[in-house]
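# Architecture and fold: a report
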Amino acid sequence: MSAEEETGFEPATGEGPSPPGPAERRAAAVRTAFAGMVQIRRLTNTGHAVPEAVPAPWELHRPVRAVALALEASGLSASAVDASGRRTATGYRVEAGTASGTVRVEWLGPPGSGAAHEEDGELTRCAAVLRESGWIALLYRGPRRRRFLEVEPPVGAHRQDGR
């Protein structure tokens, strides 16, 4: 039994090590998880004309996980860090945003990787994927002129607890 089978599937957020195991096995797990998310949308968003185009209530409770899954399922690469916290791969990093229910997406890489020069184009690709998945993704320029996305649910999407 693999480590992933023992702990359950977790989408790559860019904050941990690269996912273990063969790439084919990981790709199959991502496809299965994403298909499950789409099915949950179909079953829970019955009041919407296109239920698959709107985040499901569970996604609103776990936006970092939902956004990371959408990005990984699209084939975009996640960044990664080693045990000491040193960045080892270039790609997206997903973390909780400053406002409740929002997510921040950055494009990061190891020193000298050129990630800063790629971030505008790659974050634009990330934003397109997330918009296609029903999220609002806005591109901002932060400290040191680094760009990032702020991702939030669409207007009218509410968590089941009313927030």
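For the structure, see preceding data.
Let us look at the structure shown here. Predicted model, so just to flag it, every value in this text is computed and none were measured. (Residues numbered from 1 in each chain as written. Predicted model: local features only at pLDDT ≥ 70, side-chain atom pairs only at ≥ 80, totals over all residues. Heavy atoms only, no water.)

We now examine the environment of A27. As for its position among the elements, A27 is in helix α2 (residues 23-44). Residues A27 and A49 lie 22 residues apart in sequence; the distance between their C-alpha atoms is 30 Å. (Helix = DSSP H or I, 4+ residues; strand = E, 2+ residues; numbered from the N terminus.)

Relative to the helices and strands, R87 resides in strand β2 (residues 87-89). Of note is the side chain of R87, whose polar atom sits 2.7 Å from the backbone oxygen of G14. Of note is the side chain of R87, whose polar atom sits 3.2 Å from the side chain of E15. What R87 contacts, discounting residues up to four positions off in sequence, is G14, E15, S79, A80, V81, R93, L108, G109 and P110. (Polar contact = N/O pair within 3.5 Å; in protein donor to acceptor, adjacent residues only side chain to side chain. Contact = heavy atoms within 4.5 Å.)

The subject of this paragraph is the nonpolar core. Soluble globular proteins tend to pack their nonpolar side chains together in the buried interior. In terms of nonpolar packing, the biggest core is built from 24 residues, with V67, L71, Y92, V105, L130 and V151 touching the most fellow members. Sorting the residues of this core by element identifies α4 (63-73), β3 (91-96), β4 (103-108), α5 (115-132) and β6 (147-152) as the ones contributing at least two each. For this core, the element with the most residues is α5, which contributes six residues. L71 has contacts with L76, Y92, V94, V105, C126, V129 and L130, leaving out every residue within four places of it along the chain. A29, M37, W58 and L69 belong to the second-largest nonpolar core, a separate cluster that totals seven residues. (Core = buried A, V, L, I, M, F, W, Y, C linked by side-chain atoms within 4.5 Å. Buried < 20%, exposed > 50% of the residue type's maximum accessible area, 1.4 Å probe, protein only.)

Function cannot be read off these values alone, since they describe shape.
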